[in-house]
Amino acid sequence: WNAQALLGVNWMRSWRKQKCLMKLADSFDVVCAQETHGSIELAKHLRDLLSRTHRIFWSFHGQRGVGGICIIVKNPFASHFQGMILEELCPGRCANLRCVGDQGNAQFTFLHLDPGLHLDRKVALLENIRDSVSCREGSRTFIAGDFNFEAAGEGNMNMFTGEEIARHAALVKSWDLL
């Protein structure tokens with residue numbers, strides 16, 4: 001979910017978004033939100049509201065008005081794992097939540113790829129995600145987010161010539177290798 005400043009400066013707008021996030025968190029085992037903005041201090045109220053029923057993991061960008069992601073996990077789902085560790089791959093933009101358990105492991109990778117990031121850094125981040133994926137037996141990886149590019153088979157067409165264009169060929173290649 002793109003929260004569009006969940007922890008923004010306009011308290012009324014933020015509160016409505018926080019109520020929506022709490023409704024999502026009650027409806028699903030795992031919820032990922034991007035563009036939360038804010039800081040750990042601003043997230044305290046929301047963390048306090050959810051702490052009895054959920055585990056919440058934050059990654060902030062460092063600038064209050066930029067990026068920010070959170071992953072919220074219901075306690076009954078979290079109880080299947082002995083440990084849950086958030087690994088930031090790009091603060092406020094990409095993180096892995098590694099869940100380790102006796103009956104299996106899970107990894108939730110959440111990515112909000114910055115459209116302004118230079119192509120080389122985007123490709124490097126996707127390669128970092130690929131390298132971080134657990135390939136152990138009994139492990140499942142879920143990747144979610146806003147990738148800000150078209151995947152293979154979803155090319156764009158030049159309106160004037162009718163020819164397909166591959167604007168993000170290097171990025172799509174890196175993505176397809178995941």
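Since the model is a prediction, treat every value here as computed from it, not as a measurement.

Colleague: Tell me about the side chain of Gln107, and name the residues and values.
Modeller: Mapped onto the fold, Gln107 is located in strand 6 (residues 104-112). The class for Gln107 is buried, based on a relative accessible area of 1%.

Colleague: Residue-level account of the pairing of strand 3 (residues 69-74), with values.
Modeller: When you tally the buried positions in strand 3, you get five out of six residues, the bulk of the element. Pairing analysis gives five bridges linking strand 1 (residues 30-34) to strand 3, with the strands arranged antiparallel. In the sheet register, Val31 faces strand 3, and the bridge partner there is Ile72. Here six bridges tie strand 2 (residues 54-59) to strand 3, and the two strands are oriented antiparallel to one another. Residue pairing for strand 3: His54 is matched across the bridge by Lys74.

Colleague: Residues and numbers for the nonpolar core, please.
Modeller: Counting 16 residues, the largest nonpolar core has Leu6, Leu21, Leu46, Leu50, Trp58 and Ile72 as the members making the most contacts within it. Secondary structure elements with two or more residues in this core: helix 1 (11-27), strand 1, helix 2 (40-50), strand 2 and strand 3. For Leu21, the contacting residues outside a window of four places in its chain are Trp1, Leu6, Val31, Ala33, Leu46, Cys70 and Ile72.

Colleague: If you had to explain the environment of Gly101 to someone new, which residues and values would you point to?
Modeller: Along the chain, the position of Gly101 falls in strand 5 (residues 94-101). Distance in space between the C-alpha atoms of Gly101 and His80 is 6.4 Å, their sequence separation being 21 residues. What Gly101 contacts, discounting residues up to four positions off in sequence, is His80, Phe81 and Gln82.

About the thresholds
- Residues numbered from 1 in each chain as written.
- Predicted model: local features only at pLDDT ≥ 70, side-chain atom pairs only at ≥ 80, totals over all residues.
- Heavy atoms only, no water.
- Helix = DSSP H or I, 4+ residues; strand = E, 2+ residues; numbered from the N terminus.
- Buried < 20%, exposed > 50% of the residue type's maximum accessible area, 1.4 Å probe, protein only.
- Pairing = 2+ DSSP bridges.
- Core = buried A, V, L, I, M, F, W, Y, C linked by side-chain atoms within 4.5 Å.
- Contact = heavy atoms within 4.5 Å.

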